[in-house]
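Coordinate inspection notes
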Amino acid sequence: IRLFREVQSVELALVQQIVAAIEPKYLLALRDRNTNKIENNIAEIFSHLFDTNGDITTEDLITFRTRLEGLRYPANEPIDTIFTEVENYQELCEIAESPITEKQTIDYGYMLIMKTLKYKSTLKAWDALPTAGKDWKGFKEMFHEAQKPLLKRRVFSFYCPL
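Residues numbered from 1 in each chain as written. Predicted model: local features only at pLDDT ≥ 70, side-chain atom pairs only at ≥ 80, totals over all residues. Heavy atoms only, no water.

Okay, the nonpolar core next. I79, I82, F83, I113, Y119, F139 and F143 are the most contacted members of the largest nonpolar core, which has 24 residues in total. Not counting residues within four places of it along the chain, the set of residues in contact with F139 comprises F83, I106, G109, Y110, I113 and W126. (Core = buried A, V, L, I, M, F, W, Y, C linked by side-chain atoms within 4.5 Å. Buried < 20%, exposed > 50% of the residue type's maximum accessible area, 1.4 Å probe, protein only. Contact = heavy atoms within 4.5 Å.)

Right, here's the structure in full:
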């Protein structure tokens, strides 16, 4: 019984977070007219949202890609910022049933990192790798390693200004 109640509480908390995160106009159809409550479970809420508002148009993809290509990434920020943006675009393309290849995913990451002007030697090292050994996971790992010295300098300069 305790576990059942705990699961119910967690689901209720998640539904509350979903409701807080989504504009109210998208949830109107799910609300009870008398109580104004949403009695649906998480799966039903997401199903409703994707069925009624989930279509991603070609224009949406172009807009997101244009925004992605125009991003300027400060080298002192976590490199995961780039990876997250690229993965968001990759996921959006999959949802739109127009997936991009792993090579294209890497190319977007490469392009954004190249703009920072801080990873020239790592980009050269990446280029020197055999094509068969290149994948998105390896790309991310290589640039995480390359960023470590930059982050150490940033942390050191933050705590010990010269």
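From this point, the discussion proceeds with the structure in view.
Counted under the stated rule, the structure contains eight aromatic pairs. A centroid spacing of 5.6 Å and a plane angle of 85° characterise the contact between F83 and W136, whose relative ring orientation is edge-to-face. Of the two residues, F83 is situated in helix α4 (residues 80-95) and W136 in helix α7 (residues 136-159); the sequence distance between them amounts to 53 residues. With a centroid separation of 5.9 Å and 75° between ring planes, the pair formed by Y119 and F143 is classed as edge-to-face. With Y119 in the loop between α5 (102-114) and α6 (120-128) and F143 in helix α7, this pair connects stretches of sequence that are 24 residues apart. By the burial criterion, Y119 is buried, and F143 matches it. Between R67 and the ring centre of F64, over which it is positioned, the NZ or CZ distance is 4.8 Å. (Phe/Tyr/Trp six-rings, centres within 6.5 Å; stacked < 30°, edge-to-face > 60°. Helix = DSSP H or I, 4+ residues; strand = E, 2+ residues; numbered from the N terminus. Lys NZ or Arg CZ within 6 Å of the ring centre and 35° of its normal.)

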